[in-house]
Amino acid sequence: MRQQERAALIMQRLEEHYPNTPVPLDHSDAFTLLIAVLLSAQCTDKKVNEVTPALFAAGPTPQAMAALPEATILGHIRQLGLAKTKARNVKRLAELLLERHGGAVPQSFGALEALPGVGHKTASVVMAQAFGVPAFPVDTHIHRLAQRWGLSSGLSVARTETDLKRLFPKEAWNKLHLQIIFYGREFCTARGCDGRVCPLCRELYPNRRKPVIWNKA
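This one's a predicted model, so the numbers in the text were calculated from it and none came from an experiment.

What counts, and at which threshold
- Residues numbered from 1 in each chain as written.
- Predicted model: local features only at pLDDT ≥ 70, side-chain atom pairs only at ≥ 80, totals over all residues.
- Heavy atoms only, no water.
- Buried < 20%, exposed > 50% of the residue type's maximum accessible area, 1.4 Å probe, protein only.
- Helix = DSSP H or I, 4+ residues; strand = E, 2+ residues; numbered from the N terminus.
- Contact = heavy atoms within 4.5 Å.
- Phe/Tyr/Trp six-rings, centres within 6.5 Å; stacked < 30°, edge-to-face > 60°.
- Lys NZ or Arg CZ within 6 Å of the ring centre and 35° of its normal.
- Polar contact = N/O pair within 3.5 Å; in protein donor to acceptor, adjacent residues only side chain to side chain.
- Axes fitted to C-alpha atoms, helices over the stretch in contact; angles between N-to-C directions.
- Parallel < 35°, antiparallel > 145°, perpendicular 65-115°, else oblique.

1. A word on helix H8 (residues 120–129)
Next up, step 1: When you tally the buried positions in H8, you get 7 out of 10 residues, the bulk of the element.
Next up, step 2: Regarding H8, the residues found buried are Thr-122, Ala-123, Ser-124, Val-125, Val-126, Met-127 and Ala-128.
Next up, step 3: Taken together, the buried residues of H8 touch helix H2 (30–39), helix H7 (109–113) and helix H11 (173–186).

Below you can see the structure in the form of structure tokens.
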């Protein structure tokens, strides 16, 4: 099976598994999505969703969040990894939204990536899920599965993103990246599959005998 044929089969199977793709991080608008994605670095979405209700009640807007003392923000997110750095970034990000963007979340990759704590993946999630701009955010699940499914060498996250954008139609990117994440969490986990165990790995590579050693992000 050639690479493009594998990509088409993957799209078909993922659509069968996950016809609906809600964003895993709880949010109410572009600002709360941006903050939730920032907080999700080195954390599970479940843990982030446990702490954000109280944080967003205290700081539901950039204006309200910027007015909070950093210590208050830290108190709400202390359970998360890198909490001190994240608290500092959340406050400064809110301040910069007021200073640079009139209190609105900017709708460009460059402006988003210029904010503290916002890398390319976070910007891609916000552009895709808040503003509907085609993007392909690559997290650890997507990076891992792209290699197991023979879609990318996985030499870097940037390379994986480029390869996936080349293989899949642009109009499918925003939904597909969530479908791959859901599948990676449910079936093709880091320890539960080695490229020979989950249904899609077996269907794509029925004769694979050796485990896939994947390059971590």
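2. Things to note about the packing of aromatic side chains
Next up, step 1: For the structure on display, the rule yields 4 aromatic pairs.
Next up, step 2: Seen in terms of ring centroids, Phe-136 and Phe-168 are 6.4 Å apart; in terms of plane orientation they differ by 35°. Their pairing is tilted. With Phe-136 in the loop between H8 and helix H9 (140–148) and Phe-168 in the loop between helix H10 (157–167) and H11, the pair connects residues that are 32 residues apart, well separated along the chain.
Next up, step 3: Given a relative accessible area of 0%, Phe-136 falls into the buried group.
Next up, step 4: The aromatic ring of Trp-214 is capped on one face by Arg-144, whose charged end is 5.7 Å from the ring centroid.
Next up, step 5: Directly above the ring of Tyr-205 sits Arg-208, whose terminal nitrogen or CZ lies 3.8 Å from the centroid.

3. Describing the environment of Asp-163
Next up, step 1: Within the secondary structure, Asp-163 is located in helix H10.
Next up, step 2: The sequence separation of Asp-163 and Leu-151 amounts to 12 residues, and the corresponding C-alpha distance is 6.8 Å.
Next up, step 3: One polar contact links Asp-163 to Ser-152, side chain to side chain, over a distance of 2.7 Å.

4. Focus on the packing of H9 against H11
Axis angle and axis distance: for two packed helices, these are the angle between their axes and the distance between the axes, and together they describe the pair.
Next up, step 1: The contact between H9 and H11 brings their axes to 9 Å, and the two run at 85°. With respect to their mutual orientation, H9 and H11 come out roughly perpendicular. Contacts from His-141, Ile-142, Arg-144 and Leu-145 of H9 reach H11 at His-177, Ile-180, Ile-181, Tyr-183, Gly-184 and Arg-185.

By themselves, these are just geometric observations and shouldn't be taken as functional.
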